[in-house]
Amino acid sequence: MTVLDTRRTPLTAGALPFLLPFGVYVLHTLEELQGFAAWATRHFGPETTGMFAAYHIPLMLLVLACSWYAMRQGRHGAWVVLTTAFQWQFGVNALFHLSSWIILGEYSPGAVTAAVVSIPATAFFLTWIRREERASGREIAVALVLGTLIAAGAIGFLFL
């Protein structure tokens, strides 16, 4: 199959891990919602809870759509790569939260889910996708680069 292959396989419980990035995102955002905007304003640039919600809601829908289409696709292709990239991004984002907490000496809202949800979920997802041959090594490599770029963009966005 090619990266742009649109063939679909029937939905099965075995494809449920493709929903993991969406679940991680929802849980992580719920933790961030209460204090991330104020924390980001103190350490990076101005942010409000309204702005935070305004860009996270469409991004959550994008991650959900990618996860859904990856489930439908089942193996290989653009949706699987994008879903893997988003999960990797949550792992990189977790490292940002944890390192910020250490460097700044102040709790980074999102650090708890980063440690107990994002990092284990990313390890599980990458192990699962490779073990189940849902993506090739090349597709995973592309996803890791893409996910790192997404994470860098998200961190860079804090300075605007």
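Overview of the structure.

A few words on the pattern of salt bridges. Inspection of every chain in the model, using the stated rule, returns two salt bridges. Two residues, Arg 42 and Glu 106, come together in a salt bridge whose shortest N-O distance is 2.3 Å. Within this pair, whereas Arg 42 is found in helix α2 (residues 36-43), its partner Glu 106 is found in the loop between α4 (78-104) and α5 (111-131), the two being separated by 64 residues in sequence. Here Glu 106 falls in the partly exposed class, since its relative accessible area comes to 26%. For Glu 132, the salt bridge identified is with Arg 131, shortest N-O distance 3.4 Å. According to the relative accessible area criterion, Arg 131 is exposed, its value standing at 51%.

Let us look at the nonpolar core. Counting residues in hydrophobic clusters, the biggest one holds 10 residues: Ala 15, Phe 18, Ala 70, Met 71, Val 80, Phe 125, Trp 128, Ile 129, Ala 135 and Ile 140. Those elements giving two or more residues to this core turn out to be α3 (49-73) and α5. Per element, the largest residue contribution to this core is three residues, and it comes from α5. With residues near it in sequence (within four places) discarded, Phe 18 still touches Ser 67, Ala 70, Met 71, Gly 74, Val 80, Thr 83, Phe 125, Trp 128, Ile 129 and Arg 134. In terms of nonpolar packing, the next biggest core, distinct from the first, is built from eight residues, Val 24, Tyr 25, Phe 86 and Ala 121 among them.

Here we come to the packing of helix α1 (residues 20-33) against α5. Where α1 meets α5, the closest approach of the two axes is 9 Å, and the angle between their N-to-C directions is 175°. Between α1 and α5, the angle is such that the two are roughly antiparallel. Mapping the contact onto sequence places Leu 20, Pro 21, Val 24, Leu 27, His 28 and Glu 31 in α1 and Ala 111, Val 112, Thr 113, Ala 114, Val 117, Ser 118, Ala 121, Phe 124 and Phe 125 in α5.

Calculation criteria
- Residues numbered from 1 in each chain as written.
- Predicted model: local features only at pLDDT ≥ 70, side-chain atom pairs only at ≥ 80, totals over all residues.
- Heavy atoms only, no water.
- Salt bridge = Lys/Arg side-chain N within 4 Å of Asp/Glu carboxyl O.
- Helix = DSSP H or I, 4+ residues; strand = E, 2+ residues; numbered from the N terminus.
- Buried < 20%, exposed > 50% of the residue type's maximum accessible area, 1.4 Å probe, protein only.
- Core = buried A, V, L, I, M, F, W, Y, C linked by side-chain atoms within 4.5 Å.
- Contact = heavy atoms within 4.5 Å.
- Axes fitted to C-alpha atoms, helices over the stretch in contact; angles between N-to-C directions.
- Parallel < 35°, antiparallel > 145°, perpendicular 65-115°, else oblique.

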